[in-house]
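A closer look at the structure
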Amino acid sequence: MAGAYDNRDGVIWMDGTFVPWREAKVHVLTHALHYASSVFEGERAYNGKIFKSREHSERLLKSCDYIDIPRPYTVDELEAAKKEALAKSGLSDAYVRPVVWRGSGEDMGVASARNPVKTAIAVWEWGAYYGDAKMQGAKLDISAWKRPSPETIPCFAKASGLYMICTMSKHAAEAKGCSDALMMDYRGYVAEATGANVFFVKDGAVHTPKPDCFLNGITRQTVIDLLKEKNIEVIERHIEPSEMEGFEQCWLTGTAAEVTPVGKIGDFTFEVGALTRDIAETYEKLVRS
Ligand code: PMP
């Protein structure tokens, strides 16, 4: 299965029924397309089982709450639907994308209370998110865009509207030959990459930005637990960009990114060191256990 995402074989789960992949469509006057009234998840299945599936379903529904979309299903209903969608895909290692949005209906203005809430789940094969950077260390640009303050937008939701500046940052990064961009927050502290959280190593301790204005990723939380089990100190705090000069190692975490070593951020360089390799391997073992 490959090619354009709207032109593939298979089926997509749409509100309880499986629709042929090429027919899983929405109308151009879909509210979400105009006003970003949409939330989604990104999950990975390994050996036929979705890693931390329940946590992702819970986050999807919390994202609905954050952006005022009525919860369309319960966690159990989503779990059953995802399981079925994965089984229908015939894949054992796969990426799972549930999405909930305000559809087309009586409203076409900013308000959308009268429009139906729609849900879909697509499953496809997705290899390493950063390609061969997984081995060599990804090269990151520093984004001109800042993660917004919690007063500006529901920043803890995995909501489409939050990704506009991520897409723009990533385009700018790719134009410079980088795989991704690191974003600072509205105060100027180091925040996260466009679809992954960031970790640094210095003198045997791990430093990672405090998630007080961006997604506290499920992979981030998993990796922190793994580090603590290894008796490695993890310091969650505000990090100034200039501190990157003194950091020895760096990696990104995310469902798609898994644990991806970083070799360069702007002019700051990092080695793909022993701890980075170790945590990437430990994570890989855990998701397949
Ligand atoms: N930040 C952003 C902006 C993301 O899109 C993601 C991927 N969902 C993450 C962090 C990492 O989250 P998770 O580990 O839950 O995939």
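Residues numbered from 1 in each chain as written. Predicted model: local features only at pLDDT ≥ 70, side-chain atom pairs only at ≥ 80, totals over all residues. Heavy atoms only, no water.

**Focus on the overall build of the chain**
Assigned secondary structure in the chain consists of seven helices and 16 strands. For 289 residues, the compact-globule estimate of 2.2 N^0.38 gives 19 Å, and the C-alpha radius of gyration of the chain, at 19 Å, lies within 12% of that figure. When the 289 residues of the chain are sorted by exposure, 49% land in the buried category. The contacts of the chain with a sequence gap of at least 6 include a subset with a gap of at least 24, amounting to 67%. (Helix = DSSP H or I, 4+ residues; strand = E, 2+ residues; numbered from the N terminus. Rg over C-alpha atoms; globule rule 2.2 N^0.38 Å. Buried < 20%, exposed > 50% of the residue type's maximum accessible area, 1.4 Å probe, protein only. Contact = heavy atoms within 4.5 Å.)

**Examining the layout of surface pockets**
Volume-wise, the second largest pocket comes out at about 320 Å³. Around the second largest pocket sit 15 residues that line it, and R59, K62, N216, I218 and Q221 are the ones nearest its centre. Of all the secondary structure elements, the ones that give two or more residues to the lining of the second largest pocket are α2 (53-66) and α6 (218-229). Per-element tally for the lining of the second largest pocket: the top contributor is α2, with six residues. Its residues assigned to classes, the lining of the second largest pocket comprises five nonpolar, four polar and six charged. Taken domain by domain, the lining of the second largest pocket gets at least three of its residues from each of domain 1 (11-124) and domain 2 (133-287). (1 Å grid on protein atoms, 1.4 Å probe; cavity = no way out; pocket = protein on both sides within 12 Å on 5 of 7 lines; lining within 4 Å. Points joined across faces, edges and corners; volume = space filled by probe spheres on them. Nonpolar A, V, L, I, M, F, W, Y, C, P; charged D, E, K, R; others polar. Domains from an automatic or database assignment.)

**Structural notes on unusual backbone geometry**
If you check the backbone angles, N231 has positive phi at about 60° while not being a glycine. Examined against the element boundaries, N231 turns out to sit in the loop between α6 and β13 (234-237). Of the residues examined, N231 reaches a relative accessible area of 72% and is grouped as exposed.

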